[in-house]
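Each chain, letter by letter, is given below.
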Amino acid sequence: MNPASAVQQLRVFDEMGLGPLWLSKHPVLAETTETAEAPETAVSAGAEVEQPELAEVMKQSGQMTPADTAPVATAADELLIPESVPASTDDSIVEELMFLPVADVQPSDSSRVSRIQSMDWQTLQTEVASCQQCGLCQGRANTVFGVGDSAAPWLFVGEGPGYNENLQGEPFVGAAGQLLDNMLRALGIARGQRAYIANIVKCRPTDDNGRDRPPSAEEVAACLPYLQRQIALIQPRMIIALGKTAAVSLLGMSPETPVGQLRGRAHRLNGIPLVVTYHPAYLLRKPADKAKAWQDLCLALDHFSPE
Ligand code: SF4
């Protein structure tokens with residue numbers, strides 16, 4: 001490794017709060033870290049995955065559903081807090097805000113879904129830019145389609161646009177975006193280089209006071225066909241779900257699924273490996289958990305197929 005690369009690598013680890021404790025033994029990372037030592041992942045046996053009600057809604061409406069979400073070993077039961085939850089919000093409120101009951105979901109129109117499934121990239125972008133399928137269109141400044149390499153092997157999926165993303169029309173800007181960029185660099189990729197970044201919903205959800213909030217199940221159901229079409233067109237070889245909302249929405253799991261069943265294992269989404277980690281905004285609030293996020297990235301590397 002040349003000195004400049006070594007300095008950059010150290011900056012990445014420093015930004016992620018990993019320091020000398022979190023240098024990976026993974027063969028891909030070992031090429032660029034030299035002093036690697038990966039920590040042990042503390043896992044425990046998880047319970048069976050709960051009934052995937054959202055998946056059933058998607059199926060009924062003709063949307064893509066997970067092909068394989070068989071449970072394996074799980075990590076400890078930490079809370080994956082979505083980006084839009086204010087820093088001052090306590091965990092009990094977070095749980096209340098996180099989801100509407102799945103029973104409230106109205107399936108998307110199947111003909112609409114079929115039409116989306118046949119779109120090329122440009123048509124899809126145009127469709128999203130003028131979409132009024134759910135109420136989130138009313139307050140948006142911009143739709144946030146996604147950013148990056150449209151043939152990327154790595155796909156990162158967050159929850160939804162926040163204040164700055166809505167203004168700029170790009171996902172993960174600001175401090176959380178910088179941390180995500182550092183996480184990408186730790187994987188040897190970058191925004192626009194072998195990586196694509198998108199969200200579950202493409203318009204900013206806000207509450208009555210104009211604050212960011214997680215998308216409702218209805219909003220997720222309305223918008224998910226766009227992301228599903230993006231996945232079909234990108235054909236990534238690894239999907240990283242950033243936070244619980246992204247994870248359960250993509251996997252069609254119940255919002256009540258214990259977090260212990262999400263992190264610490266490789267899921268499958270129509271054959272594509274999917275690993276769940278913390279949302280960068282959460283990691284900014286809880287930097288001690290950056291080490292766990294690093295575990296998740298190492299797990300993703302283990303399951304990433306180069307070809
Ligand atoms: S969030 Fe998605 S479904 Fe709702 S208006 Fe925006 S683009 Fe359309």
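For every chain, the first residue of the written sequence is number 1, and numbering continues from 1 onward in sequence order. pLDDT decides what is reported in this predicted model: residues at 70 or higher carry local features, side-chain atom pairs at 80 or more are listed and counted, and totals for whole chains, interfaces and linings draw on all residues regardless. As a rule here, side-chain values come from all non-hydrogen atoms in the structure, and water together with hydrogens is ignored.

Under an unreviewed UniProt entry, the chain has the name Type-4 uracil-DNA glycosylase and belongs to Undibacterium squillarum. UniProt positions are given in the numbering used here, feature names are shortened, and annotations may be inferred rather than shown by experiment. Recorded in UniProt under Sequence similarities (unreviewed entry), the annotation for the chain is "Belongs to the uracil-DNA glycosylase (UDG) superfamily. Type 4 (UDGa) family." What the UniProt record of the chain gives under Catalytic activity (unreviewed entry) is the line "Hydrolyzes single-stranded DNA or mismatched double-stranded DNA and polynucleotides, releasing free uracil."

Visitor: Looking at this structure, I do not really get the packing of aromatic side chains. What am I missing?
Guide: Working definition: an aromatic ring pair is given by the centre-to-centre distance plus the angle between the planes. Stacked, tilted and edge-to-face are the three classes applied to pairs of Phe, Tyr and Trp rings, where Trp contributes its six-membered ring and a pair requires centres within 6.5 Å; stacked means planes under 30 degrees apart, edge-to-face means over 60, and tilted covers the rest. The full count for this structure, using the stated rule, is 5 aromatic pairs. Their ring planes at 85° and their centres at 5.3 Å tell us that Trp121 and Phe145 sit as a pair that is edge-to-face. Within this pair, whereas Trp121 is found in helix α6 (residues 121-129), its partner Phe145 is found in the loop between α6 and β3 (147-148), the two being separated by 24 residues in sequence. Classification of Phe145 by relative accessible area gives buried; the value is 7%. With 4.9 Å between their ring centres and 25° between their planes, Tyr278 and Tyr282 make a pair best called stacked. For the residue pair Tyr278 and Tyr282, the accessibility class agrees, reading buried in each case. These aromatic residues form a ring-pair network of at least three members: Trp121, Phe145 and Tyr196. Two conditions define a charge located above a ring, namely a distance within 6 Å from the ring centre to NZ of Lys or CZ of Arg, and an angle within 35 degrees of the ring normal. Over the ring of Phe145 we find Lys202, and its NZ or CZ is 5.5 Å from the ring centre. Helix numbers and strand numbers start at the N terminus; a helix is a DSSP run of H or I with at least 4 residues, a strand a run of E with at least 2. Each residue's exposure class comes from its accessible area (1.4 Å probe, protein chains only) as a fraction of the maximum for that residue type: buried when under 20%, exposed when over 50%, partly exposed otherwise.

Visitor: Any chance you could explain the site of the ligand here in plain terms?
Guide: Nearness is defined per residue: one heavy atom within 4 Å of the molecule or strand is enough. All residues adjacent to the ligand are Cys131, Gln133, Cys134, Leu136, Cys137, Arg140, Lys202, Cys203, Ala222, Cys223 and Tyr226. Residue composition of the shell around the ligand, by class: 8 nonpolar, 1 polar and 2 charged. Here the term charged refers only to Asp, Glu, Lys and Arg, the term nonpolar to Ala, Val, Leu, Ile, Met, Phe, Trp, Tyr, Cys and Pro, and the term polar to all other amino acids, Gly among them.

Visitor: How do you make sense of the sheet that holds strand β5 (residues 195-199) when you look at a structure like this?
Guide: Backbone hydrogen bonds hold the strands of a sheet together, and the pairing may be parallel or antiparallel. For two strands to pair, DSSP has to find at least two bridges joining them. Read from one edge of the open sheet, 6 strands run β3-β5-β4-β6-β8-β7, paired in mixed fashion. Looking at the sheet topology across the chains shown, the edges are occupied by β3 and β7 (266-269). Residue contacts are defined here by distance: any two heavy atoms, one from each residue, within 4.5 Å place the two residues in contact. In this analysis, axes come from line fits to C-alpha atoms, helices being fitted only over the stretch in contact, and the angle between any two N-to-C directions falls in the range 0 to 180 degrees. Here helix α8 (residues 174-186) sits on the sheet and contacts β4 (154-158), β5, β6 (238-242) and β8 (272-277); the angle it forms with β5, its principal contact strand, is near 145°. Where helix α10 (residues 244-251) meets the sheet, its contacts fall on β4, β6, β7 and β8, and the angle it forms with β6 comes to roughly 130°.

Visitor: Is there a simple way to think about the side chain of Asp296 in this case?
Guide: Among the secondary structure elements, Asp296 is positioned in helix α12 (residues 290-303). With a relative accessible area of 2%, Asp296 lands in the buried category. Beyond its immediate sequence surroundings of up to four residues, Asp296 is in contact with Arg263, Gly264, Val275, Val276, Thr277 and Tyr278.

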